[in-house]
Amino acid sequence: RVRAHRKFGTAALVLPDGRHVDVATARTEYYPFPAALPQVEEASIRQDLYRRDFSINSMAISLNPDTYGELLDFFGGRRDLERMQVRVLHNLSFVEDPTRIFRAVRLEVRYGFRMEPQTEALARRAVEMEFVGELSGSRIRDELVDILSDRGSLEAVKRLQDLGALTKLHGRLDCGRAMEMRFRRLDRFLPRFLKLRGSGENEGGISVWVLRIAALLEGLVRSDVLSWAERMRLKKKEAARILECHEWRESASLITKEGRSLRACHQVSEELSGEGVAYLYTQGGSAIREALELYYTKLRSRPLMITGRDLENMGLSPSPVYETILREVRIAALEGRVENRRSQLDLARRLAGTAVKKTEASGGKT
């Protein structure tokens, strides 16, 4: 099947096995002003390749039968690929699209490449001329998510600081020792937490880039984090998870205050998102990690064996009290006080009876 978008000169070919092949007419583009979105027109293949970010992105291979495999390399992309260097195609490249600075850094860190001297000089000049600051928050956000989803994110952040771009994201961002240690703790302890929790990266409700943005912003005050998230057009759920990470010390204090009890760990794990607990685990120190490790170990070995259906069978009408009863039974199971389904049901009946008496005493209001 073919889905054509004639207005944009593009189409999507859907193969019988469900795979998609994107097809685009050769186009050129121009920028009406610095940092603007491009205007697109039809053009030759050479003009199309000239609008790419870097020379190593500007190569094409023919798929036509008569010239199959022929490499089109008008701008020295193969040479730069062999030299492992990132080079822009013209001197106004970063002025036209300052997001290319972020993409150049990502290529450097991901593949071990390096901007060639003239390209680096142009990047620094574009930063000095405040073109990065003219980008919309959503465009910066997309580039940051890509950078912070990669391994080597600390090196990328350091490189952005070296180029002067980090403070353009927020004037008080500084990749000093404190920020560096936060990133290193994430890299060191996050794999252990994901294994402990039984999820891989980007599974189980955890987005690694959220944790790394939290590490980036932890040195800011709460109001600055909120205003930054709004400027970047983050979704409310994403901003809330970053804020949870930012306030990890409150959760650590609760666990410490309660003697690192299973009850406290359960409360924290229920109240926080996966990112919130992961950040607490990585940044909270060895005592917090030990408490959470014990909690997750017990959680696997002592499962909850009853459900809301069991409470309904006891004659208890569905209500928020279900959550309270199941939480108390879960904690009792974690602490080893109810080790099988029968003992969990007995405890649930006692808790349900108490709930009924409270309801009757309050005139039917739970």
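Residues numbered from 1 in each chain as written. Predicted model: local features only at pLDDT ≥ 70, side-chain atom pairs only at ≥ 80, totals over all residues. Heavy atoms only, no water.

## Description of the overall build of the chain
- Along its length, the chain carries 19 helices and nine strands.
- Radius of gyration (C-alpha) of the chain: 27 Å, far over the 21 Å computed for a compact globule of 366 residues.
- Along the first, second and third principal axes, the C-alpha atoms of the chain reach 80 × 55 × 40 Å.
- Relative to its 366 residues, the chain shows a buried fraction of 45%.
- A separation threshold of at least 6 residues defines the contact pool for the chain, and within that pool the share at least 24 residues apart is 61%. (Helix = DSSP H or I, 4+ residues; strand = E, 2+ residues; numbered from the N terminus. Rg over C-alpha atoms; globule rule 2.2 N^0.38 Å. Buried < 20%, exposed > 50% of the residue type's maximum accessible area, 1.4 Å probe, protein only. Contact = heavy atoms within 4.5 Å.)

## Considerations on the pattern of salt bridges
- Scanning all chains against the criterion turns up 36 salt bridges.
- Across the salt bridge formed by Glu 120 and Arg 159, the nearest N and O atoms sit 3.0 Å from each other. In this pair, Glu 120 sits in helix H5 (residues 117–128) while Arg 159 sits in helix H7 (residues 153–163), placing the two residues 39 residues apart along the sequence. For the pair formed by Glu 120 and Arg 159, the shared burial category is buried. (Salt bridge = Lys/Arg side-chain N within 4 Å of Asp/Glu carboxyl O.)

## Structural notes on empty space enclosed by the protein
- Taken as a whole and judged by the stated rule, the model has one cavity of 30 Å³ or more.
- Here the largest cavity defines a volume of roughly 30 Å³.
- Residue lining of the largest cavity: Arg 106, Val 109, Ile 147, Asp 150, Arg 151, Gly 152, Ser 153 and Ala 156, and that is the complete set.
- Put simply, the parts of the chain that give the lining of the largest cavity at least two residues each are helix H4 (99–111) and H7.
- Here the residues of the lining of the largest cavity are counted per class, giving three nonpolar, two polar and three charged. (1 Å grid on protein atoms, 1.4 Å probe; cavity = no way out; pocket = protein on both sides within 12 Å on 5 of 7 lines; lining within 4 Å. Points joined across faces, edges and corners; volume = space filled by probe spheres on them. Nonpolar A, V, L, I, M, F, W, Y, C, P; charged D, E, K, R; others polar.)

## Regarding unusual backbone geometry
- Although it is not a glycine, Arg 233 adopts a positive phi angle of roughly 55°.
- Under the relative-accessibility criterion, Arg 233 is labelled exposed at 61%.
- Even without being glycine, Arg 260 reaches a positive phi, approximately 55°.
- Mapped onto the fold, Arg 260 is located in the loop between helix H13 (248–257) and helix H14 (262–271).
- With a relative accessible area of 41%, Arg 260 lands in the partly exposed category.

## So, the packing of helix H11 (residues 222–231) against helix H12 (residues 236–246)
- At a minimum axis separation of 10 Å, H11 and H12 run at an interaxial angle of 155°. Classified by the angle between their axes, H11 and H12 sit roughly antiparallel to one another. Like other packed secondary-structure pairs, H11 and H12 cross with a definite hand, here right-handed. In this structure, H11 uses Arg 222, Val 225, Leu 226 and Ala 229 to contact H12, whose residues at the interface are Ala 239, Ile 242, Leu 243 and His 246.
- Taken together, the residues of the contact of H11 with H12 break down into six nonpolar, one polar and one charged. (Axes fitted to C-alpha atoms, helices over the stretch in contact; angles between N-to-C directions. Parallel < 35°, antiparallel > 145°, perpendicular 65-115°, else oblique. Left-handed = near helix turned anticlockwise from the far one by under 90°.)

## A short note on the packing of helix H9 (residues 177–197) against helix H16 (residues 286–301)
- The N-to-C vectors of H9 and H16 enclose an angle of 20°; their axes lie 10 Å apart at closest approach. The angle between H9 and H16 falls in the class roughly parallel. Crossing geometry of H9 relative to H16 is assigned as left-handed. Listed contacts from H16 to Phe 189, Arg 192, Phe 193, Leu 196 and Arg 197 of H9 are Arg 289, Leu 292, Glu 293, Tyr 296, Thr 297 and Arg 300.
- Looking at the contact of H9 with H16 residue by residue, the class counts come to five nonpolar, one polar and five charged.

## Remarks on the pairing of strand S3 (residues 20–24)
- Inspection of the sheet shows strand S2 (residues 10–14) paired to S3 by five bridges, in the antiparallel sense. Across the sheet, Ala 11 pairs through a bridge with Val 23, a residue of S3.
- Between S2 and the antiparallel strand that follows it, S3, lie five residues; Gly 18 among them carries a positive phi value of about 95°. (Pairing = 2+ DSSP bridges.)

## Some thoughts on H12
- Among the residues making up H12, those that are buried are Glu 238, Ala 239, Ile 242, Leu 243, Cys 245 and His 246. The buried residues of H12 occupy an angular sector of 155° when the element is viewed end-on, so they sit on one face. Along H12, the residues that are exposed and aim more than 90 degrees away from the buried face are Lys 236 and Lys 237.
- Contacts made by the buried residues of H12 are with helix H10 (208–217), H11, H13 and helix H15 (274–283). (Arc of directions from axis to C-beta.)

## Digging into the environment of Arg 327
- Relative to the assigned elements, Arg 327 resides in helix H18 (residues 321–334).
- Distance from Arg 327 to Arg 263, taken between C-alpha atoms, is 9.5 Å for residues 64 residues apart in sequence.

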